[in-house]
Amino acid sequence: PIPCVPWQSQTSGQYQRRVHGDKYPYRLVLNSEASKEITWHCKHYQSRNLMKHYTSGADLAADMGIPVSNLEKTFADYNKGAEAKSDPFGKVFWPATPFTANDSFYVAIVEPVIHYAMGGVKIGTDSAVQTSDGTGIPGLFAGGEVAGGVHGLNRLGGSSLLDCVVFGRVSGASATRYLLNKISVGDVHGGPPGSVGSGGGGATGSFTMTVSPGSKNVVVSWDGSAGASAGSGGADTPSSDSNVPLRSSYDDDDPPADEGSSADGDGEQELVPDGLELTMEEVAKHTTEDDVWVVVNGKVLAPRKFLMDHPGVKKRS
């Protein structure tokens, strides 16, 4: 049995040494035959300092601080296990054998990481935290990995975005709706008499709020009638009409670049020339690897640099 050790109180290396003693660290060793099957991934992880490349077993042994003869003996024992289809560790599959020290290697140190927390508080579709009987707790909303049950017993890779992005926005909207409804009946306390949030008045009745990310508009209505609005103009409700103009623009924190140029820095998303008005038909014409456009929140982006850094793209040669 592995002893339970408080994770937050130590580094990964300290944890491994405490559990496994002098056997730490464990290394994942891929020879040239094994690594060529996943060349893109090896280079990807090497660029992020998660793997190292060694041109020979002697280089690997030197980095490990052991004689190369130790490595050769380990490889010889491994090769015998591959021939017998059996070893003391119960290994079943034996790809890319035999291993020799006269080869190149991609190597990673195997460590435990907190990849994703499956458990958490139960929430509803509006992100309201629920009690054991499914009743929402007034004014308490949650999104992200603090919430549980969104994915069932396990999640698909990449689906944590559903927690952080989707339910992050849902919980924010729900909390705002809850607060404004409380304000509308004068039921929020803490400020001076007569102020917003003091419980001293305000509009009465229920309210609805419509948010249009594409046009950056927010419309608040009390008792179903039009109320205050804020935004940059344009339609109040997003439309799926392909002829609705889209804006190509930079985030407020990003200075405009010269027309046709890309944003600086690896992994940054390039944008089409600032200020253009485009339709979905125009965006749909840009579908090639070297000229792909996507629409995010009413902005047209050309994420060419990002595509090559994303694990989901085709393998690099």
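Only a predicted model underlies this, so the values are computations on that prediction, with no experimental measurement involved.

1. Focus on the pattern of salt bridges
Pairing is possible between side chains that carry opposite charge, provided their charged atoms lie close to one another.
Reasoning step 1: If you walk through the whole model with that rule in mind, you get three salt bridges.
Reasoning step 2: Among the ionic pairs, D63 bridges to K52, the shortest N-O distance being 3.3 Å. Here D63 is found in helix α4 (residues 57-64), whereas its partner K52 is found in strand β2 (residues 52-54), with 11 residues between them in sequence.
Reasoning step 3: Residue D63 is classed as partly exposed on the basis of its relative accessible area of 40%.

2. A few points about the pairing of strand β3 (residues 105-110)
Reasoning step 1: The pairing of strand β1 (residues 26-31) with β3 spans six bridges and is classified as antiparallel. Following the sheet pairing, V29 is matched in β3 by V107.

3. Description of the confidence of the model for the protein
Reasoning step 1: The pLDDT averaged across the protein works out to 73; a share of 63% of its residues lies at or above 70.
Reasoning step 2: Within the protein, strand β12 (residues 270-271) has the poorest average pLDDT of any element, 48, and β2 the best, 97.
Reasoning step 3: Low pLDDT, under 50, characterises residues 190-203; the predicted model gives this stretch 25 contacts beyond four residues in sequence or across chains.
Reasoning step 4: Note on residues 231-245: pLDDT under 50 across the span, and 31 contacts to partners over four residues away in sequence or across chains.

4. Regarding the nonpolar core
Reasoning step 1: Core analysis: the biggest nonpolar cluster contains eight residues, these being Y54, L60, A61, L71, F75, F99, F105 and V107.
Reasoning step 2: The set of elements that each furnish at least two residues to this core consists of α4, α5 (68-84) and β3.
Reasoning step 3: In this structure A61 touches I66, P67, V68 and L71, once residues within four positions along its chain are discounted.
Reasoning step 4: Grouped together as the second largest cluster of nonpolar side chains are seven residues, C42, M51, A96 and A108 included.

5. Focus: the environment of V170
Reasoning step 1: Structurally, the position occupied by V170 is in helix α6 (residues 160-184).
Reasoning step 2: For the pair V170 and A142, spaced 28 residues apart in sequence, the C-alpha separation works out to 9.0 Å.
Reasoning step 3: Each residue touching V170, except ones within four places of it in the same chain, is listed here: T125, D126 and S127.

The rules behind these values
Residues numbered from 1 in each chain as written. Predicted model: local features only at pLDDT ≥ 70, side-chain atom pairs only at ≥ 80, totals over all residues. Heavy atoms only, no water. Salt bridge = Lys/Arg side-chain N within 4 Å of Asp/Glu carboxyl O. Helix = DSSP H or I, 4+ residues; strand = E, 2+ residues; numbered from the N terminus. Buried < 20%, exposed > 50% of the residue type's maximum accessible area, 1.4 Å probe, protein only. Pairing = 2+ DSSP bridges. pLDDT = per-residue confidence, 0-100. Contact = heavy atoms within 4.5 Å. Core = buried A, V, L, I, M, F, W, Y, C linked by side-chain atoms within 4.5 Å.

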